[in-house]
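Fold and contact review
What follows is the residue order along each chain.
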Amino acid sequence: MAENLPRAFVCGHPIKHSRSPMIHGYWLTQYGIEGSYQAVDIAPEDFSSFLKTLRAQGFVGGNLTIPHKEAALKIVDRLDPSASEIGAVNTVWLRDGLLWGANSDYHGFAANLDQCQPGWDKSKIGVILGAGGASRAIIYALQSRGFTDIRVLNRTVSRAQDLADAFGPTVSAHSLADAKVLLADAGLVVNATSVGMQGDEGLPIDPDWLAPETLVSDIVYVPLETPLLAAARQRGLPTVDGLGMLLHQATLGFERWFGVQPVVTEELRALVVADLGPKP
Ligand code: ATR
């Protein structure tokens, strides 16, 4: 009976721009799983009751996005350490009558680099540009891979300092103006600012400061090649775009809800790339 098929969701407000239904829909077809994944628009005032009644609605779990990721921290029954440390829940699932919450962004970041640049984590020195929610997930990812020197550079240094205070002595806070010296011995730099998003030709740092051989990564994926990635590529540096992080973070939820660990294929990537660009 259709009612018994596993159903998952992505919940946000608004939600129509989400690419998650395309990603999970691809895997459901690929693995021949009779289940569904749908986008649901839930206003903040309705979110708590939505999340508390998942089972009654026939859901096995789902993804959360803006503006619900922080609110969920107080609603789920069990928090995976990824969610409590990053301070946001983006994946929930029911297990033995309890609602679990995790944050899969750190996994998405690391798994994407594993696929695109194996050995990326050999250098234990990383530079993160920006100090928002995305930076927290990347700090967690680098710490989980044993990075010992994580340098957070931000326009507003006090926000970077808040992250250093929260994540401990392997994380230090700096101004973006000091990037040149801080990049000199880093194996990896990640742009986690919003600089370079579609319609913004800006660069978070002077590209002349990029040290030779530093792996340059961006969490922005519209455009796929940001001005920072373009500048790095022109200098012959290895680069990784932000789309892979989105694709890889989705694997954790899919496995929890549908029992299959899905693979991020070139075909899936091409499908989502074709869908990028302004949506009506
Ligand atoms: P998210 O949760 O997606 O990471 P956010 O919390 O809005 O988003 O953070 C955006 C990041 O981009 C911040 O680090 C912000 O710097 P400030 O903390 O100083 O605001 C950074 N950012 C945005 N516009 C910027 C700009 N023009 N130059 C440098 N950094 C910028």
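The structure under discussion appears in the preceding block.
The structure presented is a predicted model; accordingly, all values stated were derived computationally and were not measured. (Residues numbered from 1 in each chain as written. Predicted model: local features only at pLDDT ≥ 70, side-chain atom pairs only at ≥ 80, totals over all residues. Heavy atoms only, no water.)

1. Considerations on the nonpolar core
Counting residues in each nonpolar core, the largest one holds 28 residues, and the members touching the most others are Phe109, Trp120, Ile139, Leu142 and Leu188. Counting only elements with at least two residues in this core, the list comes to helix H4 (105–116), helix H5 (133–144), strand E8 (149–154), helix H6 (157–167), strand E9 (171–175) and strand E10 (188–191). If you tally residues by element for this core, the top one is H5, at six residues. With sequence-adjacent residues up to four places away left out, Trp120 is seen in contact with Phe109, Ala110, Leu113, Asp114, Leu142, Arg145, Phe147, Leu188 and Leu215. Among the nonpolar cores identified, the runner-up in size contains 24 residues, and Ile33, Leu247, Trp257 and Val264 belong to it. (Core = buried A, V, L, I, M, F, W, Y, C linked by side-chain atoms within 4.5 Å. Buried < 20%, exposed > 50% of the residue type's maximum accessible area, 1.4 Å probe, protein only. Helix = DSSP H or I, 4+ residues; strand = E, 2+ residues; numbered from the N terminus. Contact = heavy atoms within 4.5 Å.)

2. Looking at the pattern of salt bridges
The tally for this structure, following the rule as stated, stands at nine salt bridges. One salt bridge in this structure joins Glu225 and Arg233, with 2.6 Å as the shortest N-O distance. For Arg233, a relative accessible area of 45% corresponds to the partly exposed category. Between Asp241 and Arg269 there is a salt bridge, with its nearest N and O atoms 2.6 Å apart. Remark: Arg269 occurs in helix H10 (residues 266–275) and Asp241 occurs in the loop between strand E12 (239–240) and helix H9 (243–258); sequence separation between them is 28 residues. (Salt bridge = Lys/Arg side-chain N within 4 Å of Asp/Glu carboxyl O.)

3. Looking at the site of the ligand
Among the 13 residues in the neighbourhood of the ligand, the closest are listed as Ala131, Asn154, Arg155, Thr156 and Arg159. Asn154 is positioned with one of its side-chain polar atoms (N or O) 2.7 Å from an oxygen atom of the ligand. Measuring from an oxygen atom of the ligand, one finds a backbone N or O atom of Ser194 at 3.3 Å. Summarising the interface, the protein chains cover 64% of the accessible area of the ligand, which totals 640 Å² for the free molecule. By residue class, the composition of the shell around the ligand is four nonpolar, seven polar and two charged. (Near = heavy atom within 4 Å. Polar contact = N/O pair within 3.5 Å; in protein donor to acceptor, adjacent residues only side chain to side chain. Areas by Shrake-Rupley, 256 points an atom, 1.4 Å probe, with all protein chains shown as cover. Nonpolar A, V, L, I, M, F, W, Y, C, P; charged D, E, K, R; others polar.)

4. Describing the packing of aromatic side chains
This structure, assessed with the given rule, holds 12 aromatic pairs. Where Trp27 meets Phe254, the ring centres are 5.5 Å apart and the plane angle is 65 degrees; that geometry is what we call edge-to-face. Here the residue Trp27 occupies a position in helix H1 (residues 20–30), and Phe254 occupies one in helix H9, the gap between them amounting to 227 residues. With respect to burial, Trp27 and Phe254 carry one shared label: buried. Centroid distance Phe109 to Trp120: 6.1 Å. Interplanar angle 85 degrees. Geometry classified as edge-to-face. Taken together, the positions of Phe109 in helix H4 and Trp120 in the loop between H4 and strand E7 (125–129) put the pair 11 residues apart, joining distant regions of the chain. For Trp120, a relative accessible area of 5% corresponds to the buried category. (Phe/Tyr/Trp six-rings, centres within 6.5 Å; stacked < 30°, edge-to-face > 60°.)

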